[in-house]
Amino acid sequence: MSVKGKTAVITGSNSGIGLGIAEELARAGVNVVLNSFTDSDEDHALARRIAEETGSQVRYIKADMSKPEECRALIGQAGACDILINNAGIQHVAPIDEFPQDKWDAIIAINMNSAFHTTAAALPLMREAGWGRIVNIASAHGLRASPYKAAYVTAKHGVVGMTKTVGLETAKEPITCNAVCPGYVLTPLVEAQIPDTAKQYGISEDAAIEEVILAKQPSKEFVTVEQLAGTVLYLCSDAAAQVTGTTISVDGGWSAQ
Ligand code: NAD
């Protein structure tokens, strides 16, 4: 079954990986719901731009993924949700004994709990439609840890666990649930970490990228948004109909170590 004419809801998709996935799905003929917690002219202009470029229907719906009722309302407002991409995410880096409680709560809510609420709201729509794809954008940090990222690593491991459970609960249905685990991708989320890392280590920004950020990524190259978008499109295809409850690493070899 082609994805053409399906409806996708992509959380956190006015930037970075989510935006790249939205563009790829729209190019494949999928009607797309963009989302973030803002409601600016730029957000709606983004939807218009992708619609014009691809001919697919593209809407922007504001919903704050840190709020359970807004996660569920996003799916309700979308009206249909054949493809759910749980992508919204934030980061904060600090030792666990200094980790600000509000940052911990926000990361767990946005990076993990939101996927529970959107999945619970979307599954009845997928069952009614007789087809569904859930793709959770986890991380290499859903499979491996790094120091000072306790909340992020906890949330992403949680998402991987949820992915397995939902895969089992839907195994006999034409619905799949998988997680994509990217290594480092040069998006605003990572760009924001480069100056701080350089300062922390007393090195240049180029050295911070080479010696610190890409230290765990054997390819020594950033993963691209396009590579992740292509992986998501594959998971939405018929070729991936028996791929469920699992993770796909796109990490330049990070998790092979
Ligand atoms: P990004 O900062 O470019 O995008 C994050 C998106 O989430 C933005 O659209 C932002 O508006 C949205 N968002 C943040 N808080 C939100 C909220 N409360 N409600 C709704 N939307 C919210 O970063 P990105 O790198 O594109 O990250 C996307 C996902 O990929 C995240 O889940 C991230 O953890 C994951 N990831 C990123 C990398 C990387 O190296 N960039 C690696 C592995 C996994």
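As a convention, each chain's residues are numbered from 1 in the sequence order in which they are written. This being a predicted model, a pLDDT of at least 70 is required before a residue's local features are given, and a value of 80 or more before pairs of side-chain atoms are given or counted; all residues contribute to the totals for chains, interfaces and linings. Side-chain metrics rest on all non-hydrogen atoms present in the structure, leaving aside hydrogens and water.

Working definition: helices are DSSP H or I runs of at least four residues, strands are E runs of at least two. Numbering for both runs from the N terminus. Check the secondary structure of the chain and you find nine helices and seven strands. The globule rule used here is 2.2 Å times the number of residues to the 0.38 power, and the radius of gyration it is set against is calculated over C-alpha atoms. For a compact globule of 257 residues, the expected C-alpha radius of gyration is about 18 Å, and the chain comes in at 18 Å, within 12% of that figure. Projected onto its principal axes, the C-alpha coordinates of the chain cover approximately 55 × 40 × 35 Å. Note on exposure labels: buried denotes an accessible area under 20% of the residue type's maximum, exposed denotes more than 50%, and partly exposed covers the range between, all computed with a 1.4 Å probe on protein chains only. For the chain, with 257 residues in total, the buried portion stands at 52%.

Before going further, it helps to examine the packing of aromatic side chains. Here the aromatic set is Phe, Tyr and Trp, taking the six-membered ring for Trp, and pairing holds for ring centres within 6.5 Å; pairs whose planes are under 30 degrees apart are stacked, those over 60 apart are edge-to-face, and all others are tilted. Taken as a whole and judged by the stated rule, the model has two aromatic pairs. Sitting over the ring of Trp131, Lys6 keeps its end group 4.5 Å from the ring centre. We count a charge as sitting over a ring when the NZ of a lysine or the CZ of an arginine lies within 6 Å of the ring centre and within 35 degrees of the ring normal. The ring of Phe116 is capped by Arg72, whose NZ or CZ atom sits 5.4 Å from the centre of that ring.

When the sulfur atoms of two cysteines share a covalent bond, that bond is a disulfide. Whenever a pair of cysteine sulfur atoms sits within 2.5 Å, that pair is classed as a disulfide. Counted by the stated rule, this structure contains zero disulfides. Cys177 forms no disulfide, and the closest cysteine sulfur to it belongs to Cys236, at a distance of 12 Å. With no disulfide partner, Cys236 has as its closest neighbouring cysteine sulfur the one in Cys81, 11 Å distant.

In this analysis, the expected span of each helix is defined as 1.5 Å times one less than the number of residues it contains. Between its terminal C-alpha atoms helix α1 (residues 16–27) stretches 17 Å, which fits the 16 Å expected from 12 residues at 1.5 Å a residue. Taking burial as the measure, the 12 residues of α1 include nine buried ones, the bulk of the element. Against the buried residues of α1 lie β1 (7–10), β2 (31–36), α2 (41–54), β4 (83–86), β5 (132–137) and α9 (225–236). One or two residues past the end of α1 sits Gly29, with phi positive at roughly 90 degrees. We call two residues in contact when some of their heavy atoms are within 4.5 Å.

Here the focus is the environment of Ser204. The residue Ser204 is located in the loop between α7 (193–201) and α8 (205–212) in this model. Considering only alpha carbons, one finds Ser204 and Ile21, 183 residues apart in sequence, at a separation of 32 Å.

Our next topic: the sheet that holds β4. A pair of strands is considered paired only if DSSP assigns at least 2 bridges between the two. Pairing in this open sheet of seven strands is parallel, and the strands run β3-β2-β1-β4-β5-β6-β7 from one edge to the other. Edge positions in the open sheet fall to β3 (58–62) and β7 (247–250), since each of these has one partner strand only. Taken pair by pair, the neighbouring strands of this sheet meet at an average axis angle of 20 degrees, ignoring direction. In this structure, β4 lies alongside β5, joined through four bridges in parallel fashion. Counted as the bridge partner of Leu84 is Ile134 from β5. Axis definition: a line fitted to C-alpha atoms, over the contacting stretch in the case of helices. Angles run 0 to 180 degrees between N-to-C directions. Across the face of the sheet, helix α3 (residues 68–78) comes into contact with β1, β2, β3 and β4 while running at roughly 150 degrees to β3.

Now for the site of the ligand. The ligand sits among 31 residues. The nearest are Asn14, Ser15, Ser36, Tyr152 and Thr187. Take Ser36: an N or O atom from its side chain is 2.7 Å from an oxygen atom of the ligand. Within the contact set of the ligand, an oxygen atom lies 2.6 Å away from a side-chain nitrogen or oxygen of Tyr152. All accessibility values rest on the Shrake-Rupley procedure with a 1.4 Å probe; residue burial counts only the protein chains present in the view. Notes on the ligand: free accessible area 820 Å², of which the protein chains cover 93%. Considering each element in turn, the shell around the ligand owes the most residues, three residues, to helix α6 (residues 188–191). Charged means Asp, Glu, Lys or Arg here, nonpolar means Ala, Val, Leu, Ile, Met, Phe, Trp, Tyr, Cys or Pro, and polar covers whatever is left, Gly included. Of the residues belonging to the shell around the ligand, the class tally is 16 nonpolar, 13 polar and two charged. Built from parts of two domains, the shell around the ligand gets at least three residues from each of domain 1 (7–184 + 224–256) and domain 2 (186–222). Being near a molecule or strand, for a residue, means having at least one of its heavy atoms within 4 Å of it. Polar contacts, as used here, are pairs of N or O atoms within 3.5 Å; protein pairs need one atom able to donate a hydrogen and one able to accept it. Residues neighboring in sequence count only if both atoms are side-chain atoms. Those domain boundaries reflect an automatic or database domain assignment.

On to the domain arrangement of the chain, then. Entries for the chain in the domain assignment read domain 1 (7–184 + 224–256) and domain 2 (186–222). Buried area: the accessible area, evaluated with a 1.4 Å probe, that two parts lose upon being put together, summed over both parts. Across the domain 1/domain 2 interface, buried area totals approximately 1,100 Å², and carbon plus sulfur atoms make up 60% of it. The largest per-residue losses of area from domain 1 upon contact with domain 2 belong to Tyr184, Gly252 and Trp254, which jointly make up 51% of the total buried on that side. Any carboxyl oxygen of Asp or Glu that lies within 4 Å of a side-chain nitrogen of Lys or Arg is treated as forming a salt bridge with it. Counting across the interface, domain 1 meets domain 2 through zero salt bridges. Inspection of the region where domain 1 meets domain 2 yields three residue pairs in polar contact (both at pLDDT 80 or more). Split by residue class, the side of domain 1 that touches domain 2 holds seven nonpolar, nine polar and two charged.

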